[in-house]
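Here's the letter readout for the chains.
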4 protein chains.
Amino acid sequence: MFKHAVITPFLGQTKDRFSEYNEPKTLEQKFQTLRMIEGMTGAELVYPYEVNFDNLSEVKLLLAKYDIKVACINVNVKVEPEFKSGGLTSPDKAVRERAVSFIKEAKDFAQAVGADKVQCCPLSDGYEFSFQADYTETWQRLCETFAAAGEYKPEIPLFIEFKPNEVRGRCYLDNAAKTICLIKDIGNPNIGVTLDYGHSLYGDNNPAEELALLNALDVKYYIHINDNDGKWDWDYFCGSRSLMQYIEFIYYLKKFNYQGWLTSDTSPTRWDIVKMFEANVNMTNRISARIDEIGMSNFEESLHKKEYMDIWADLQSYFMKF
Amino acid sequence: MFKHAVITPFLGQTKDRFSEYNEPKTLEQKFQTLRMIEGMTGAELVYPYEVNFDNLSEVKLLLAKYDIKVACINVNVKVEPEFKSGGLTSPDKAVRERAVSFIKEAKDFAQAVGADKVQCCPLSDGYEFSFQADYTETWQRLCETFAAAGEYKPEIPLFIEFKPNEVRGRCYLDNAAKTICLIKDIGNPNIGVTLDYGHSLYGDNNPAEELALLNALDVKYYIHINDNDGKWDWDYFCGSRSLMQYIEFIYYLKKFNYQGWLTSDTSPTRWDIVKMFEANVNMTNRISARIDEIGMSNFEESLHKKEYMDIWADLQSYFMKF
Amino acid sequence: MFKHAVITPFLGQTKDRFSEYNEPKTLEQKFQTLRMIEGMTGAELVYPYEVNFDNLSEVKLLLAKYDIKVACINVNVKVEPEFKSGGLTSPDKAVRERAVSFIKEAKDFAQAVGADKVQCCPLSDGYEFSFQADYTETWQRLCETFAAAGEYKPEIPLFIEFKPNEVRGRCYLDNAAKTICLIKDIGNPNIGVTLDYGHSLYGDNNPAEELALLNALDVKYYIHINDNDGKWDWDYFCGSRSLMQYIEFIYYLKKFNYQGWLTSDTSPTRWDIVKMFEANVNMTNRISARIDEIGMSNFEESLHKKEYMDIWADLQSYFMKF
Amino acid sequence: MFKHAVITPFLGQTKDRFSEYNEPKTLEQKFQTLRMIEGMTGAELVYPYEVNFDNLSEVKLLLAKYDIKVACINVNVKVEPEFKSGGLTSPDKAVRERAVSFIKEAKDFAQAVGADKVQCCPLSDGYEFSFQADYTETWQRLCETFAAAGEYKPEIPLFIEFKPNEVRGRCYLDNAAKTICLIKDIGNPNIGVTLDYGHSLYGDNNPAEELALLNALDVKYYIHINDNDGKWDWDYFCGSRSLMQYIEFIYYLKKFNYQGWLTSDTSPTRWDIVKMFEANVNMTNRISARIDEIGMSNFEESLHKKEYMDIWADLQSYFMKF
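As the structure is a prediction and not an experimental result, all values here were calculated from the model.

So, how was this worked out
Residues numbered from 1 in each chain as written. Chains lettered and ligands numbered in written order. Predicted model: local features only at pLDDT ≥ 70, side-chain atom pairs only at ≥ 80, totals over all residues. Heavy atoms only, no water. Contact = heavy atoms within 4.5 Å. Buried area = accessible area lost by both parts, 1.4 Å probe. Salt bridge = Lys/Arg side-chain N within 4 Å of Asp/Glu carboxyl O. Polar contact = N/O pair within 3.5 Å; in protein donor to acceptor, adjacent residues only side chain to side chain. Helix = DSSP H or I, 4+ residues; strand = E, 2+ residues; numbered from the N terminus. Nonpolar A, V, L, I, M, F, W, Y, C, P; charged D, E, K, R; others polar. Axes fitted to C-alpha atoms, helices over the stretch in contact; angles between N-to-C directions. Parallel < 35°, antiparallel > 145°, perpendicular 65-115°, else oblique. Left-handed = near helix turned anticlockwise from the far one by under 90°. Buried < 20%, exposed > 50% of the residue type's maximum accessible area, 1.4 Å probe, protein only. Pairing = 2+ DSSP bridges. Arc of directions from axis to C-beta. pLDDT = per-residue confidence, 0-100. Least-squares fit on C-alpha atoms with pLDDT ≥ 70 in both. UniProt positions renumbered as here; feature names shortened; annotations may be inferred. 1 Å grid on protein atoms, 1.4 Å probe; cavity = no way out; pocket = protein on both sides within 12 Å on 5 of 7 lines; lining within 4 Å. Points joined across faces, edges and corners; volume = space filled by probe spheres on them. Right-handed = clockwise from strand over helix to strand, strands pointing away.

Visitor: Help me get a handle on the interface of chain C and chain A, residues and values and all.
Guide: Taken together, the contact pairs 31 residues of chain C with 31 residues of chain A. Of all residues in chain C, Met309, Lys321 and Phe322 of chain C bury the most surface against chain A, accounting for 27% of the area lost on that side. One can count four salt bridges joining chain C with chain A. Note that Lys275 of chain C is salt-bridged to Asp310 of chain A, the shortest N-O span being 2.9 Å. Our enumeration of links across chain C and chain A arrives at eight residue pairs in polar contact (both at pLDDT 80 or more). At the level of secondary structure, the elements contributing two or more residues to the side of chain C that touches chain A comprise α8 (243-255), α9 (273-294) and α11 (308-319) of chain C. No other element matches α11 of chain C, which puts eight residues into the side of chain C that touches chain A. When the residues that make up the side of chain C that touches chain A are grouped by side-chain class, the tally is 15 nonpolar, six polar and ten charged.

Set out below in structure tokens:
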């Protein structure tokens, strides 16, 4: 069984370019909703807009009151006006330093609240058009700013969440391999990768294969779960659009003995909030239980069959009622 | 030279899932900004959230004061809570009727303000998952609701703007051909199509070819201009990502003697608002002027060359400085 | 239970840009292989390269000997040198007439061999670049040539198979809606559409929704089955990449009481030929049987639930072993 | 000015799944065609199917006779029956060793013929379906086989050409970053990357950005040029579909002072062979000359403007005749 957490802003009001969804909620209301989701025990909290040093004591009280663990502190470096076109890669040194300081403070906050890691998705670090960015400079800046953020309090590792695009037309760190290149170049083992299943999928990668790459190259990872149609980061619920690939992803998490959180990065725009997150938890756990029932060694045997049609026959008998 | 208009909300504050861009503006402030854009003389106004019968007299005064023509009234049927999962195709008859009444009222408003058309992009009419919608029923409802909306005040034609997705994972009316199927099935010549260049492009269609289809099948059309990377409706400025396709699009508009508005549906998130819309106007008009300079008949000759490399050599000499 | 056929060239040697797959086979060898596939009883034969008037009597003998029905005659109008850049839309009238004559002869052949339809996928009618084609002219030619082909022997209907691209960078008839526009413009009820599941899917459409559109607009259809990753016409086996969408497709075929053939358009490049086609047959039939077991009316009820998470729970219980 | 080469099989007959293009040519005929292309002076020759030790002396004679330089030896490890599902990652050790021996022999051949590098695109090393491959094992095998191939005769560097897919549904080495991960893991500075412009583009990457990454991480690179529509490896001629991105790519090649070959990997299916390759040469050289005319320092200034609309105005004045 996996430990399940949720990115808490998804429990309140969300929006897109044209509409708003669900009601705004206080942090306590979000925690109340979280506890209504069977099997959900953790939270990824957003620093500094949802939690920060001003409400630290309230956060600690609420975590205790609702018996919620902090899976991770998510540090947002995209919303401040000066971060809008990229904080970590800004041509302005002061802006870059401020972005780095956000991550350092998030580490402080994580420590204060008993969390063991922070994560950052540099969504506004990217570009849209030809000749808009100098890729040599921006890569250099990514190396410098993430190095600076990573070497602060290495006991609270920093996980970098790659994403193909949104809010920029192209984000610089768009897949696992490029993020690994960055981390290896920095050379800090306490910088890891947040593998968001959907970011991998709609970036035209296979989440299980990217996971295996992280594992092969000894890079720490932390997992976000969701699904999409391979075209956009819709943050659909798990298994809804790429079921067999999700089963394969769960299989590799088990094979690699992943003990961390599975954090739902799923957007309940038009579906019941509680039911949707419960579907993430239940489906994931049931797939895991089904694999246990079949047995990892049986699975390994299937995997090593030479004829794929024989593998498929096994998969059908393992998972399908037809 | 083409007549240029702009969808006015783009002149004020816009947002996406994670951020907000630019300052909120009153209608008058938007009109002031509009007049700062050289060559921009028209507005597409959004009913009922930007303009409506409550501010009708103010709208008329401001239009006169700033000498702005109304290119079109854009009726929004996606934001009301009951429209969130699709107003025109709602299983609830009362909701569908309310959506239709929005379009009818928009026609009334158009008439009151001296506009000659309305347009509607049914963005929330769609679905995300398998077995979420009954496609037979939803098609039937699209036929009925658009028929009802179209037969009201046919002297103010209704243009349907197709779009592949957003805000739904899939919109029902996702390209020109399907929208033509709907219109032909309804059989009302006063229902036309809004061809948004970017919607065509990121729906994996060629805007010029969709335009030619509308022309061949005698369906009225109205044009939105912008650009994108072929993957998402980024609403970039014209020519920024698909320059030669945009030149081809302008060529066909001239060939078909399009006399209507070119309405900029372009989102100035990180760029100077006035400069960005001026780029739309200037680039479009300059391409048009360049084609005039070359001459349509010379162009026709190029087009009929058997060897494409010879056509390309012509294009290079027509448009490129290398 | 559905009637299953196979496009016979897939039983012999196939190739791609770089490699060849499997051994060449005579027609009799292909028929022998076909009969080894449990549940496979029909053949779609390719005119004039696999079958033609020269081998008509042999074809008839072999069909009788192996008790194989002809699901359809597939007329190939892309391979002749003069068809390479488009036969049906060639600027050369004589070439267009020759392409039409291929279809007419295929109808003659279909009649001679006891088949009730022909189908044609105009793969080489398309373009790659801006200003390469005059879309007004090419649409006009498509109307004329398909009209001429369709009015010959209307008792043998002609099914047009749309496809987004390949062998051209863009094919003119790239989805169901555009093909419907063409057929409605021609006005011949004996021209129908071949809906190839994979062509629909990788054209960024939903096969079940395109099927419902054909049904709603009373256009005849004939079905090819396969699967892909949404990016290219890989002709994978059924259910391998888009399982829930395939289940939905089967559901709609049953709802519309489709009595025609399901013809496997699946390419066994690296998998056992017989096992791969058997997977198509078995999986399709088992899904169909599973739906019967559940009952169409139960399914309808699920479909009409307001909350999608409840629909999904039903689907999980209907089809998944977890 | 750049040095231009061509992959010689594109000068003879090519094919796709359904058709054949152009006439078969002997090596001498291909060289004769090559010399008809103005500005084309080099050849990338395919080992062992086009050149090998059996025709070595003929190859040397013809190279001298037609004054053609060998840009690179392209070693094909995908066509042999045992390589069809992946030679370098085959579960069979003997097959992997044979694939490695192909690369070693290609290095021997390169040396014999006076070429300074070999390149290999492992197109058949990949997979199609979930649970078809064990990604941990296949990554390990890629490391081992490329390490073995790379350490042989390091004075003839090996360039690995990544590609998203084709002939496999997914190739293991699908972008620059993942190939860099592999090379850094192997730790051999004499293994580099072949950056094929089109492979980068249709893998949803930006060629100029991938080039900058290779440069930043001190990985050797070799360049293939072409273009496509961002969806498939169509091997169109340069600039035909992504002109401004190609200009940006050329700009970075100049900025990084690339002195190697630009090798045309372009497929003249329906266009005049000589004219198409001449377009590659001419357009590339003219863009380069235009940049020289503008001056790299002026370009740098443009690039550092804060407002992108001002950068765009510069680009328009630099390159467009409107």
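After that view, the rundown keeps rolling.
Visitor: Before we move on, could you go through the interface of chain A and chain D and cite the residues and values that matter?
Guide: In this assembly, 44 residues from chain A lie in contact with 44 residues from chain D. Taken over both partners, the interface formed by chain A and chain D buries close to 3,900 Å², and the fraction arising from carbon and sulfur atoms is 59%. The three residues of chain A that bury the most area against chain D are Phe131, Tyr135 and Glu209 of chain A, which together make up 21% of that side's buried surface. For Asp204 of chain A, the salt bridge goes to Arg170 of chain D, with nearest N and O atoms at 3.8 Å. Where chain A touches chain D, the interface holds 24 residue pairs in polar contact (both at pLDDT 80 or more). Only α4 (135-151), α5 (176-186), α7 (207-216), α8 (243-255), α10 (296-303) and α11 (308-319) of chain A provide two or more residues apiece to the side of chain A that touches chain D. In terms of residue count, the dominant contributor to the side of chain A that touches chain D is α8 of chain A (seven residues). A per-class count over the side of chain A that touches chain D returns 25 nonpolar, eight polar and eleven charged.

Visitor: An account of the packing of helix α7 (residues 207-216) of chain D against helix α8 (residues 243-255) of chain D is needed here, citing residue identities and associated values.
Guide: Residue and element names in this part refer to chain D. The geometry of α7 relative to α8 is characterised by a closest axis approach of 8 Å and an angle of 20° between their N-to-C directions. Accordingly, the angle class assigned to the pair α7 and α8 is roughly parallel. α7 and α8 meet at a crossing whose hand is right-handed. Along its contact with α7, which presents Pro207, Ala208 and Leu211, the element α8 presents Gln245, Glu248, Phe249, Tyr252 and Leu253. Taken together, the residues of the contact of α7 with α8 break down into six nonpolar, one polar and one charged.

Visitor: Before we move on, can you summarise the environment of Leu88 of chain C with the specific residues and values?
Guide: With respect to the helices and strands, Leu88 of chain C occurs in the loop between β5 (69-75) and α3 (93-113). A relative accessible area of 0% places Leu88 of chain C in the buried class.

Visitor: Could you give an account of the sheet that holds strand β11 (residues 221-225) of chain C, with specific residues and numbers?
Guide: Residue and element names in this part refer to chain C. Strand order in this closed barrel of eight strands is β1-β4-β5-β6-β8-β10-β11-β12, and the pairing throughout is parallel. Strand-to-strand twist in this sheet, taken as the mean axis angle between neighbours without regard to direction, amounts to 30°. Two elements, strand β8 (residues 158-161) and strand β10 (residues 191-196), share four bridges in a ladder whose sense is parallel. Across the sheet, residue Glu161 finds its bridge partner in β10, namely Thr194. Packing of helix α4 (residues 135-151) onto the sheet brings it into contact with β8 and β10, and relative to β8 it is tilted by some 145°. Its contacts with the sheet place α8 against β10, β11 and β12 (261-264), and it is angled at close to 150° to β11.

Visitor: Report on α10 of chain A, specifying residues and quantitative values.
Guide: Residues and elements named next belong to chain A. Among all positions of α10, only Phe299, Ser302 and Leu303 are buried. Projection of α10 onto a plane perpendicular to its axis shows the buried side chains occupying an angular sector of 100°, all on one side. Residues of α10 that are exposed and point over 90 degrees away from its buried face: Ser297 and Glu301. Turning to α10, the residues buried within the fold contact α8, α9 (273-294) and α11.

Visitor: Explain the confidence of the model for chain A to me, and be specific about the residues and the numbers.
Guide: Of the residues in chain A, 100% reach a pLDDT of 70 or more, and the chain-wide mean stands at 97. For this predicted complex, the interface confidence comes out at an ipTM of 0.97, alongside a pTM of 0.98.

Visitor: Provide a residue-level description of the relation of the copies chain C and chain A, including the pertinent values.
Guide: Once chain C is rotated about the relating axis by 180° and shifted along it by 0.0 Å, it coincides with chain A to within an RMSD of 0.0 Å. In symmetry terms, the pair is related by a two-fold rotation axis. Among all residues of chain C, the minimum C-alpha distance to the rotation axis is found for Met320 of chain C, at 2.4 Å. Of all interface residues in chain C, 100% are interface residues in chain A too; the two copies therefore contact each other through one and the same surface.

Visitor: Lay out the UniProt feature "domain: Xylose isomerase-like TIM barrel" (unreviewed entry) in chain A with the relevant residues and their values.
Guide: UniProt records the feature "domain: Xylose isomerase-like TIM barrel" (unreviewed entry) for residues 49-267 of chain A in the present numbering. Across residues 49-267 of chain A, helical content stands at 40% and strand content at 15%; the span's end C-alpha atoms are separated by 18 Å.

Visitor: So what about the pairing of strand β12 (residues 261-264) of chain D? Which residues, and what values?
Guide: Residue and element names in this part refer to chain D. What you see with β12 is no split at all: Trp261 and Thr263 on one side and Leu262 and Ser264 on the other are buried throughout. Examined bridge by bridge, strand β1 (residues 3-7) and β12 share four bridges and lie parallel to one another. From the neighbouring strand, Val6 faces β12, where its bridge partner is Ser264. When strand β11 (residues 221-225) meets β12, the two strands line up parallel, connected through three bridges. Considered in β12, the bridge of Ile225 is made with Ser264.

Visitor: Can you explain empty space enclosed by the protein? Please cite residues and give values.
Guide: The tally for this structure, following the rule as stated, stands at ten cavities of 30 Å³ or more. Each pocket or cavity is described by its volume, and for the second largest cavity that value is around 240 Å³. In this structure, the second largest cavity is lined by 20 residues; those nearest its centre are Arg241 and Leu243 of chain B together with Arg241, Ser242 and Leu243 of chain D. The residue makeup of the lining of the second largest cavity, split by class, is eight nonpolar, ten polar and two charged.

Visitor: With reference to specific residues and values, describe the relation of the copies chain A and chain D.
Guide: Taken as rigid bodies, chain A and chain D are interconverted by a rotation of 180° and an axial shift of 0.0 Å, the fit giving an RMSD of 0.0 Å. Interface overlap between copies: 100% of the residues of chain A at the interface are likewise at the interface in chain D, consistent with a symmetric, same-surface contact.

Visitor: Quick one: what's the story with the pairing of strand β5 (residues 69-75) of chain D, residue by residue and with numbers?
Guide: Two faces, one strand: in a regular strand the side chains alternate between the faces of the sheet. Residue and element names in this part refer to chain D. Burial analysis of β5 places six of its seven residues in the buried class, the great majority of the element. Relative to β5, strand β4 (residues 40-47) runs parallel, the two sharing six bridges. Paired with Leu45 across the bridge in β5 is Ile73. Between β4 and its parallel partner β5, the chain crosses via helix α2 (residues 56-65), and the hand of that crossover is right-handed. Note: β5 against strand β6 (residues 118-120), two bridges, orientation parallel. Of the residues in β6, the one forming a bridge with Ile73 is Val118.

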